[in-house]
Amino acid sequence: ACTRVPQAAAPALRDDPPYAAEFDRDWSVGSYSGLVRGIAALPAEAVRDDEPAAGAGPAPAGAPAAAVAPRHAFPRGPLAGNFLHDQLEWLAGEGFDLERAPALQQQLLRRCERQGYGAQGAGLVAWLGAVLRSPLPGPGCALRDLVAPEPEMEFWFPARGLEARHIDRLCRDHLPGPRERPPLPERALHGMVMGFADLVFEHGGRYWVLDYKSNHLGTRDADYDAAALAAAMAEHRYDVQAALYLLALHRLLRARLGAAYDPARQLGGAVYLFLRGIDGPAAGCVVVPAAPALLEALDAAVGMSGAGAGAGAGAGAGAGAGAGAGAGAGAGAGAGAGAGAGAGAGAGAGAGP
């Protein structure tokens, strides 16, 4: 026979302790594209920052097809822009050696076929070959001559209630360009700021950020003169993008090089390379100088000024971010200010060789 063992009465449930935690409900991850979203020139549905969706498709027929250079006839819009960026990112990993490597040319043709650009493949090989061999104003070197460039460098840095109108005013005061620029919408950066720089490289002891732009400004090389490029920079507020990207590079160099870092001597600036204007009067380039006063003001404005203030700019493919703290590591580029770090909103550190 089985004997039932009496069970003790279950203890009474305790009252829930009072919940006293607080959350910063305004904390978010911001970016250049978030700052400019809402400007009339930038439809919200655009996939990339530099490729408005309006007018996407083949270039308009303003001249016989044979008379329009491949770079001007290449399809427009965000999908085509993504494709061009992807090819240049891939070519960066191959040393930008397209013209001197027939195998790379064949690979590029196959990539065109797979993405639906087979008819433009031969023209694209010639076009990108010209882009890679042309000297860049500012650095004074061609992409194919760079040593250890870092493509798609990811960065994160913290910001504490940085108002868009303050960024707007600083850019207007310190960066070249017309004063008649679309105002930034009312919003703030509070939490983390992140982005991806198309290319970061060192040349002649100076570090640069480069951004590829595939904007279509016309079907002639003359349509890409300095005035037209400046107008495109102002319309899309690329000056704001340059300021944020240069701030990230400035903070990274300061963290990596320490007391040896001299921004006036080692930080070159930002190069905006309008791919379709490579044979235009301005070589398709706008150079945005690294204005020390702007970087100092922005660095102070994000609320974490100073090399040892607890959170540095993070950069690299392995970057991470967290509400408390984060860190990553990756390969260096150039003379030691390469990619591979993350930063947390509370505290963080960049690390790398």
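In this text the structure is predicted, and so the values were computed from the model without any measurement.

> Help me get a handle on unusual backbone geometry, residues and values and all.
For alanine 148, which is not glycine, the phi dihedral falls at a positive 55 degrees. Non-glycine residue alanine 283 carries a positive phi angle of around 60 degrees. By secondary structure assignment, the location of alanine 283 is in the loop between β5 (267-274) and β6 (285-289). Accessibility expressed as a relative area gives 24% for alanine 283, which makes it partly exposed.

> Outline the pairing of strand β4 (residues 206-213), supporting the account with residue identities and numerical values.
In terms of residue burial, β4 counts as a mostly covered element, since seven of its eight residues are buried. Examined bridge by bridge, strand β3 (residues 188-203) and β4 share five bridges and lie antiparallel to one another. Directly across from histidine 203, in β4, lies its bridge partner arginine 206. In this structure, the hairpin formed by β3 and β4 is closed by a connection of two residues, where glycine 204 is found at a positive phi of approximately 60 degrees.

> Give a description of the confidence of the model for the protein that names residues and reports values.
Averaged over all residues, the pLDDT of the protein equals 82, while 77% of them reach at least 70. Below pLDDT 50 for its whole length, residues 43-49 participates in 18 contacts with residues either more than four positions away or in separate chains. Scored below 50 in pLDDT, residues 305-353 shows 134 contacts in the model against residues more than four places distant or in partner chains.

> Describe the side chain of glutamine 241, with residues and values.
Within the element layout of this structure, glutamine 241 appears in helix α8 (residues 238-257). Here lysine 213 takes part through its side chain, which lies 3.1 Å from a polar atom of the side chain of glutamine 241.

> Describe the environment of leucine 295, listing the residues and the values that go with them.
Along the chain, the position of leucine 295 falls in helix α10 (residues 292-301). Taking the C-alpha atoms as reference points, leucine 295 and alanine 248, separated by 47 residues in sequence, lie 9.5 Å from one another.

> Break down the packing of helix α4 (residues 102-114) against helix α5 (residues 121-133) for me, citing the residues and quoting the values.
Viewed as axis vectors pointing N to C, α4 and α5 meet at an angle of 130 degrees, and their least axial separation amounts to 9 Å. If you check the angle between α4 and α5, you find them oblique. As α4 runs across α5, the sense of the crossing is right-handed. Here Gln105, Leu108, Leu109 and Cys112 of α4 come into contact with α5, specifically with Gly121, Ala122, Leu124, Val125 and Leu128.

> Please provide a residue-by-residue account of the packing of aromatic side chains, values included.
Each aromatic ring pair is described using two quantities: the centre-to-centre distance and the angle formed by the ring planes. The full count for this structure, using the stated rule, is eight aromatic pairs. Aromatic pair phenylalanine 74 and phenylalanine 83: ring centres 6.3 Å apart, planes at 15 degrees, arrangement stacked. One exposure class covers both phenylalanine 74 and phenylalanine 83, and it is buried. Here the aromatic rings of tyrosine 238 and tyrosine 272 are separated by 5.8 Å at their centres, their planes lie at 20 degrees, and the arrangement is stacked. On the criterion of sequence distance, the pair formed by tyrosine 238 in helix α8 and tyrosine 272 in strand β5 is long-range, its members being 34 residues apart. The residues tyrosine 238 and tyrosine 272 share a single accessibility class, namely buried. A connected cluster of aromatic rings, assembled from ring pairs, spans Phe74, Phe83, Tyr117 and Trp127. Here the guanidinium or amino end of arginine 111 rests over the ring plane of tryptophan 90, the centre of that ring lying 4.3 Å away. A cation over a ring is seen here: lysine 213 above tyrosine 238, with NZ or CZ 4.0 Å from the ring centre.

> Provide a residue-level description of the side chain of aspartate 198, including the pertinent values.
Along the chain, aspartate 198 turns up in strand β3. A polar atom in the side chain of aspartate 198 sits 3.4 Å from the side chain of histidine 85.

> I'd like a description of helix α3 (residues 78-93), backed by residues and values.
With 16 residues, α3 should reach 22 Å at 1.5 Å per residue; the first-to-last C-alpha distance of 23 Å fits that figure. Across the 16 residues of α3, 12 count as buried, placing the element largely inside the fold. Buried residues of α3: Pro78, Ala80, Gly81, Asn82, Phe83, Leu84, His85, Gln87, Leu88, Trp90, Leu91 and Ala92, and no others. On its buried face, α3 is in contact with α4, α5, β2 (150-163), β3 and β4. Once α3 finishes, glycine 95 follows within two positions and takes phi at roughly 75 degrees, a positive value.

> Any chance you could break down the nonpolar core for me, citing the residues and the numbers?
Counting 52 residues, the largest nonpolar core has Phe157, Ile167, Val240, Tyr272, Phe274 and Val288 as its most contacted members. Ranked by residues supplied to this core, first place goes to α8 with 12 residues. Leu84, Phe96, Leu98 and Val125 belong to the second-largest nonpolar core, a separate cluster that totals 35 residues.

What counts and what doesn't
- Residues numbered from 1 in each chain as written.
- Predicted model: local features only at pLDDT ≥ 70, side-chain atom pairs only at ≥ 80, totals over all residues.
- Heavy atoms only, no water.
- Helix = DSSP H or I, 4+ residues; strand = E, 2+ residues; numbered from the N terminus.
- Buried < 20%, exposed > 50% of the residue type's maximum accessible area, 1.4 Å probe, protein only.
- Pairing = 2+ DSSP bridges.
- pLDDT = per-residue confidence, 0-100.
- Contact = heavy atoms within 4.5 Å.
- Polar contact = N/O pair within 3.5 Å; in protein donor to acceptor, adjacent residues only side chain to side chain.
- Axes fitted to C-alpha atoms, helices over the stretch in contact; angles between N-to-C directions.
- Parallel < 35°, antiparallel > 145°, perpendicular 65-115°, else oblique.
- Left-handed = near helix turned anticlockwise from the far one by under 90°.
- Phe/Tyr/Trp six-rings, centres within 6.5 Å; stacked < 30°, edge-to-face > 60°.
- Lys NZ or Arg CZ within 6 Å of the ring centre and 35° of its normal.
- Expected span 1.5 Å × (residues − 1).
- Core = buried A, V, L, I, M, F, W, Y, C linked by side-chain atoms within 4.5 Å.

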